[in-house]
Amino acid sequence: MSDEWLNLDETYIMPTYNRLPLAIERAEQNYLYDTHGKAYLDLFTGLAVNVLGHGHPRVKQALEAQGNTYLHISNYFVAPPAVQLAKRLIEATMPGKVFFANSGAEATEAAVKLVHKWRNAQDEEKNGIVVLSNSFHGRTLGTIRLTRQPGIYQDFPAVDMPVYETPAEDTASLARILEDEQPAAVLMEPVLGSGGIVPLSQTFMEQASALCKSHNVLFIMDEIQTGMGRTGELFAYQHTNVTPDIVLFAKGVGGGLPLGGLIAGNQVKDKFQPGDHGTTFGPSPLSAALGNAVLDALFEDGVLSSSRERAEKLQNGLQSLTKAYPSVVDGVRGLGMMLGMKLKLAPEKVKELRARILDRGILIDVTQQTILRFLPPLTLENAEIEHLLTVLEEELAALAGGLSDE
Ligand SMILES: *Cc1c(COP(=O)(O)O)cnc(C)c1O
């Protein structure tokens, strides 16, 4: 049965992703089950979406309650679940207002338009956006040039907006661009996700924020992957003293349903007027209700605070493996439940390793070809961490033995 689905997938769906040969039948808590009934510990979480794992009681409850109320009304009416979610996001971050869309790329595009409205209102000399090398901010035409990974953007046209690229951690380079080029905004992920799980230092983020302030430039945090508790705070910038002008969110915020958007601080919160921007489903009341359920779980049930200890356990375990197998592991980095293990292996060897781990019932992503990307649910349990570390240790030991034999 599984193979049949794989064949049909190949025939009817465009191959825009390197799909794994797995047809998923159901999912429960921290596990996915394929059509053969085999279980996989899910350290992939739909790419940082399922922060509460699968079928969380809070989410199920909200699905049923809102599903029985209404699914869609339109932005011409007030939807209490959306208002409630916006209020809670503002109260948990900074004074301002929220704009809702359906995805991460739409969140980024909304920010680009907001930057334009802001600079039109005060300083038309300023133009363009600074982003970091290896960034990922979306794949739509409006965002593709902000994503500085050549394999992703090179075949597509740029929208009419300057984009400046600067390396992470290079404050001098950022300062030079702000002096010489007069951009209107600086956009960065606090932990580069698809760029290889690279956390920015607190110093760099604070210096970048200060430079933006002194040059009167908007500072935008793309928290699409790092948000919703993934790094141990609701948003990763909250580990620092930075207050961004705009925070982008998506992925985990809809509890498994499509939902994205931005939090706009006081400088920009009133720049959009009716007609300036919008989207039919932004937000789906059902997605918004699930967003509230996720916040309930994170804060009222204590999922966020209790995840910190387990994130540390996972991080320590991966660090020990790095020390034990220096011929195979180059290092571990990340923040909270967003971790990357860089391997000293050829990309094909990494693929083989991932396949062996998958065979043993653990689902892990690979990014930048040689980095195992761990994006577990915040509900990951101690026993699951121990199991993961045991399996990894055995696989790394086998690889280290193989290497030293050569
Ligand atoms: C996934 C992601 C996006 C794009 O989100 P989509 O919902 O896929 O459009 C943008 N920025 C970051 C940091 C992401 O991880």
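Structural notes, computed from the coordinates. Computed from a prediction, not measured in an experiment: that's the story for all the values here.

**Some words on the pattern of salt bridges**
Working step 1: In this structure the tally under the stated criterion is 17 salt bridges.
Working step 2: The residue Asp301 makes a salt bridge to Arg58 at a minimum N-O spacing of 2.7 Å. A residue pair is termed long-range when its members are at least 10 positions apart, and Asp301 in the loop between helix H9 (285–300) and helix H10 (303–324) and Arg58 in helix H3 (residues 57–67) qualify at 243 residues.
Working step 3: On the basis of relative accessibility, which here comes to 22%, the residue Arg58 falls in the partly exposed class.
Working step 4: For Glu300, the salt bridge identified is with Arg88, shortest N-O distance 3.9 Å. Remark: Arg88 occurs in helix H4 (residues 80–92) and Glu300 occurs in helix H9; sequence separation between them is 212 residues.
Working step 5: One connected set of salt bridges, linked through shared partners, spans Arg58, Arg88, Asp296, Glu300 and Asp301.

**Points about the packing of aromatic side chains**
Working step 1: Within the structure shown, the criterion is met by 2 aromatic pairs.
Working step 2: An angle of 75° between the planes, with centres 6.2 Å apart, marks the rings of Phe99 and Phe272 as edge-to-face. In this pair, Phe99 sits in strand E4 (residues 96–101) while Phe272 sits in the loop between strand E12 (260–265) and H9, placing the two residues 173 residues apart along the sequence. The residues Phe99 and Phe272 share a single accessibility class, namely buried.
Working step 3: The interplanar angle of 70° and the centroid separation of 6.0 Å between the aromatic rings of Phe100 and Phe249 together place this pair among those described as edge-to-face. Taken together, the positions of Phe100 in strand E4 and Phe249 in strand E11 (residues 246–249) put the pair 149 residues apart, joining distant regions of the chain.

**Looking at the sheet that holds strand E16 (residues 365–367)**
Sheet strands pair by backbone hydrogen bonding; their relative direction is either parallel or antiparallel.
Working step 1: Taken together, 4 strands build an open sheet; the order of strands is E13-E14-E17-E16 and the sheet is antiparallel. Here the strands that pair on one side only, and so sit at the sheet edges, are strand E13 (329–335) and E16. The average angle at which neighbouring strand axes cross in this sheet is 25°, direction not considered.
Working step 2: Relative to strand E14 (residues 338–343), E13 is paired through 6 bridges, and the arrangement is antiparallel. Bridged to Gly334 within E14 is Leu339.
Working step 3: The strands touched by H10 are E13, E14 and strand E17 (371–374); relative to E13, the strand with the most contacts, the crossing angle is about 165°.
Working step 4: Contacting E14, E16 and E17, helix H11 (residues 347–359) crosses the sheet at an angle of about 165° to E16.

Conventions and cut-offs
- Residues numbered from 1 in each chain as written.
- Predicted model: local features only at pLDDT ≥ 70, side-chain atom pairs only at ≥ 80, totals over all residues.
- Heavy atoms only, no water.
- Salt bridge = Lys/Arg side-chain N within 4 Å of Asp/Glu carboxyl O.
- Helix = DSSP H or I, 4+ residues; strand = E, 2+ residues; numbered from the N terminus.
- Buried < 20%, exposed > 50% of the residue type's maximum accessible area, 1.4 Å probe, protein only.
- Phe/Tyr/Trp six-rings, centres within 6.5 Å; stacked < 30°, edge-to-face > 60°.
- Pairing = 2+ DSSP bridges.
- Axes fitted to C-alpha atoms, helices over the stretch in contact; angles between N-to-C directions.
- Contact = heavy atoms within 4.5 Å.

Distances and angles like these do not, on their own, reveal function.
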